[in-house]
Amino acid sequence: MKYFFFVIISISALVSFAQQELFHNNEKLTAELKIVEDLVYKKIDSLRAKKKISGLIKNQYLVKAALSHVDWMVEKGKFSHIQNKSKTKTPQNRVKLVGGNDSFVGENIAYTLFDIEMTNKKGQQYINKSYEAVANDLVQMWRNSKGHYKNIITKDYKSTGVALAVDFEKNKVYAVQVFGGE
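All of the points below concern the structure found in this document. Computed from a prediction, not measured in an experiment: that's the story for all the values here. (Residues numbered from 1 in each chain as written. Predicted model: local features only at pLDDT ≥ 70, side-chain atom pairs only at ≥ 80, totals over all residues. Heavy atoms only, no water.)

Helix length check: helix H5 (residues 131-143), at 13 residues, gives a terminal C-alpha distance of 18 Å against a target of 18 Å (1.5 Å per residue), a fit within 8%. Ala 133, Val 134, Ala 135, Asp 137, Leu 138, Val 139 and Trp 142 are the residues of H5 that are buried. (Helix = DSSP H or I, 4+ residues; strand = E, 2+ residues; numbered from the N terminus. Expected span 1.5 Å × (residues − 1). Buried < 20%, exposed > 50% of the residue type's maximum accessible area, 1.4 Å probe, protein only.)

Below, the structure written as structure tokens:
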């Protein structure tokens, strides 16, 4: 009986440990990224609300443009607003390519690490070990960047699309948020 009790405790400990894993390199990844994306949307709208600016509407074309760019960044291992192909070179090109209106477009990009110790600007060490922590880190980066924050609080932006992707080799979560006037 003691042996059986020990096995149950060991299995329970393994299940508990597995549930603490932040991102999975399998079919759960899409659901996990959706959780973080939803948190990013809410946090961005919260920043806009503090400035008495209406929330952004999720736009399928902007989501597609953001997804296209975030996938490119992970695939190429590059962190840039500009791609080297003319059809997808700029955020405006990417929105137009997926069928959206490219007349008034802005883009925020960021990446953060998960399960790796980092140091913030105040010299404090931290580790992103939750979806909430990853979303907070991404949005805070944009909040602390003058140009990215301007995109967030621009009243003329009415719609947005957010996409995330994970580079498992480097424990990086890349994020792209595209803004539009419609």
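Once the structure has been displayed, the description carries forward.
What follows concerns the pairing of strand E5 (residues 159-167). Among the nine residues of E5, nine are classified as buried, and the element is accordingly described as predominantly covered. Side chains of E5 alternate between two faces, with Ser 159, Gly 161, Ala 163, Ala 165 and Asp 167 and Thr 160, Val 162, Leu 164 and Val 166 buried alike. In this structure, strand E1 (residues 57-58) lies alongside E5, joined through two bridges in parallel fashion. Counted as the bridge partner of Ile 57 is Ser 159 from E5. (Pairing = 2+ DSSP bridges.)

With that settled, the discussion passes to the packing of aromatic side chains. Given two aromatic rings, their pairing is described by the distance between the two centres and the angle made by the two planes. Scanning the entire structure with this criterion turns up four aromatic pairs. Taken together, the ring pairs connect Phe 79, Tyr 111 and Tyr 174 into an aromatic cluster. Against the face of Tyr 149 rests Arg 143, its NZ or CZ located 3.9 Å from the ring centre. Stacked on the ring of Tyr 111, the Lys or Arg Lys 172 has its end atom at 4.1 Å from the ring centre. (Phe/Tyr/Trp six-rings, centres within 6.5 Å; stacked < 30°, edge-to-face > 60°. Lys NZ or Arg CZ within 6 Å of the ring centre and 35° of its normal.)

What follows concerns helix H2 (residues 29-50). Look at H2: 32 Å from first C-alpha to last across 22 residues, which is about the 32 Å you get at 1.5 Å a residue. If you check which residues of H2 are buried, you get Leu 29, Glu 32, Leu 33, Val 36, Glu 37, Leu 39, Val 40, Tyr 41, Lys 43, Ile 44, Leu 47 and Arg 48. Positive phi appears at Lys 52, one or two residues downstream of H2, with a value of about 60°.

Attention now goes to the side chain of Arg 94. Turning to its location among the elements, Arg 94 is positioned in helix H4 (residues 91-97). For Arg 94, a relative accessible area of 2% puts it in the buried group. Among the polar contacts listed, one links the side chain of Arg 94 to the side chain of Glu 107, at a separation of 2.9 Å. (Polar contact = N/O pair within 3.5 Å; in protein donor to acceptor, adjacent residues only side chain to side chain.)

Membership of the largest hydrophobic core comes to 27 residues, with the highest contact counts inside it found for Phe 23, Val 40 and Val 134. The element best represented in this core is H2, accounting for eight residues. In this structure Val 134 touches Leu 22, Phe 23, Val 36, Thr 112, Phe 114, Asn 128 and Val 173, once residues within four positions along its chain are discounted. Counting 14 residues, the second-largest nonpolar core is a separate cluster that includes Leu 62, Met 73, Val 105 and Ala 163. (Core = buried A, V, L, I, M, F, W, Y, C linked by side-chain atoms within 4.5 Å. Contact = heavy atoms within 4.5 Å.)

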